[in-house]
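So the chains spell out like this:
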Amino acid sequence: MTRRPYIVGNWKMHGTRAMLSEARAIDRAAQRHMKVEVALAPPYTLIHPVHREAEQIAVGAQDCHDQDGGAHTGDISAAMIADAGAKFVILGHSERRQGHSESDALVRAKAQAALAVGLRIIMCCGESAEMRESGQAVAFVKRQLEASLPPADLMPADVAERLTVAYEPIWAIGTGTAATTDDIAEMHGVIRALLVELFGEEQGAEVRILYGGSVKPDNAAEIFAVPEVGGALVGGASLTVDSFMGIALAASEPFES
Ligand code: 13P
């Protein structure tokens, strides 16, 4: 890994103000692991409170709307999350693609809206168990990712700074069974080649590609040793400082030994 490993916690629909002490503990622990970039994406309601607590970590959102504003009851725009203190937004998570019928085209529009207000984006992709079993995982993920990312001419010049990709096979999310290191290596290699094809060698080779899906302190080190893994997008194990920082420690160890 040429860049700092990036370890991002996705709290999903977990967390009330009672969790602010955990966020503070994560932030203070992250100050002791400066070779790793640690970030948290709490629910919308905690973005501003976590931002106020945080001295080190960046705070992000788990989604945003594709429009700047208007009659969209219950929705939140990219400008609003930025105003609340978010520096990045996770887009195209499979739980949104499935639970909210988000198409590749909508995810792409959200990405453009987020980039337009200066946010960094974490673009998620990943295949279902059926896709993998039928041998279509690689083709599916390539197609999904290319259709979800804004085209190169609409991306900012500093693509590698603004874009992170997260490969999260749906069957590995929340199941306790992460993808094998062989499967991760294959898919991250394919994603790297696509990023270079889309954005050129200079930027495409530097975009960090995170793995997500049942990352825990006890499997993190072997996952981080896989070529082209630039960090992790962590769900369940990001909810407590001990397990989340156990993962961050696994990412920093190769550099500290
Ligand atoms: P788990 O780490 O709970 O499997 O969730 C992964 C995920 O979906 C992160 O976005």
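Above this text is the structure in question.
These numbers come from a predicted model, not from an experiment. (Residues numbered from 1 in each chain as written. Predicted model: local features only at pLDDT ≥ 70, side-chain atom pairs only at ≥ 80, totals over all residues. Heavy atoms only, no water.)

Caption draft 1: Focus on the pattern of salt bridges. Enumeration over the complete set of coordinates arrives at 16 salt bridges. Residue R96 is joined to D63 by a salt bridge in which the shortest nitrogen-to-oxygen separation is 3.1 Å. Of this pair, R96 sits in helix α4 (residues 94-99) while D63 sits in the loop between β3 (58-61) and α3 (78-83), and the two are 33 residues apart along the sequence. Take R96: its relative accessible area is 22%, and that puts it in the partly exposed class. (Salt bridge = Lys/Arg side-chain N within 4 Å of Asp/Glu carboxyl O. Helix = DSSP H or I, 4+ residues; strand = E, 2+ residues; numbered from the N terminus. Buried < 20%, exposed > 50% of the residue type's maximum accessible area, 1.4 Å probe, protein only.)

Caption draft 2: Broad picture of helix α7 (residues 137-148). The end-to-end C-alpha distance of α7 is 16 Å, a good match for the 16 Å that 12 residues give at a rise of 1.5 Å each. Of the positions making up α7, those classed as buried are A137, V141, Q144, L145 and S148. For α7, the angular spread of buried residues about the axis comes to 95°, placing them on one side. (Expected span 1.5 Å × (residues − 1). Arc of directions from axis to C-beta.)

Caption draft 3: Here's a closer look at the nonpolar core. Within the largest apolar cluster, 70 residues are counted, with the highest numbers of intra-cluster contacts made by L163 and I191. Per-element tally for this core: the top contributor is helix α11 (residues 241-256), with seven residues. Leaving out residues up to four positions away in the same chain, L163 has contacts with I121, M123, L149, M155, L195, F199, V207 and R208. Listed in part, the 11 residues of the second largest apolar core include A41, C124, A166 and L233. (Core = buried A, V, L, I, M, F, W, Y, C linked by side-chain atoms within 4.5 Å. Contact = heavy atoms within 4.5 Å.)

Caption draft 4: Expanded view of the site of the ligand. Around the ligand sit 13 residues in total, of which K12, H93, G174, S214 and G236 are the nearest. At 3.0 Å, a side-chain N or O of N10 approaches an oxygen atom of the ligand. A distance of 2.8 Å is found between an oxygen atom of the ligand and a side-chain nitrogen or oxygen belonging to H93. Contact with the protein chains covers 97% of the free accessible surface of the ligand, which is 310 Å². In terms of residue class, the shell around the ligand is made up of four nonpolar, seven polar and two charged. (Near = heavy atom within 4 Å. Polar contact = N/O pair within 3.5 Å; in protein donor to acceptor, adjacent residues only side chain to side chain. Areas by Shrake-Rupley, 256 points an atom, 1.4 Å probe, with all protein chains shown as cover. Nonpolar A, V, L, I, M, F, W, Y, C, P; charged D, E, K, R; others polar.)

Caption draft 5: Spotlight on the pairing of strand β1 (residues 6-10). Along β1, five of the five residues are buried, which leaves the element largely enclosed by surrounding structure. Burial along β1 is two-sided: the residues Y6, V8 and N10 and I7 and G9 are all buried. Two elements, β1 and strand β2 (residues 37-41), share five bridges in a ladder whose sense is parallel. Within the sheet, the bridge partner assigned to G9 lies in β2 and is L40. In this view, the connection linking β1 to its parallel neighbour β2 by way of helix α1 (residues 20-30) has right-handed handedness. Where β1 and strand β8 (residues 231-234) come together, four bridges link them in parallel fashion. Residue pairing across strands places Y6 opposite G231, the latter belonging to β8. (Pairing = 2+ DSSP bridges. Right-handed = clockwise from strand over helix to strand, strands pointing away.)

Caption draft 6: Up close: the sheet that holds strand β4 (residues 88-91). On the basis of which strands lie adjacent, the closed barrel formed by eight strands has the order β1-β2-β3-β4-β5-β6-β7-β8 and parallel pairing. Each adjacent strand pair in this sheet contributes to an overall mean axis angle of 25°, direction not counted. For β2 and β3, the ladder comprises two bridges, and the chain directions are parallel. Paired with L40 across the strands is V59, a residue of β3. (Axes fitted to C-alpha atoms, helices over the stretch in contact; angles between N-to-C directions.)

Caption draft 7: Spatial organisation of the packing of helix α5 (residues 104-116) against α7. Remark: α5 packs on α7, axes separated minimally by 7 Å, with the N-to-C direction vectors making an angle of 45°. Considering the angle they form, α5 stands oblique to α7. Judged by residue contacts, D104, V107, R108 and A111 of α5 engage Q144, E146, A147 and S148 from α7. (Parallel < 35°, antiparallel > 145°, perpendicular 65-115°, else oblique.)

Caption draft 8: Fine view of unusual backbone geometry. Backbone geometry at K12 places phi at a positive 50°, although glycine is not the residue there. Tracing the sequence through the fold places K12 in the loop between β1 and α1. One non-glycine residue, S101, adopts positive backbone phi at about 50°.

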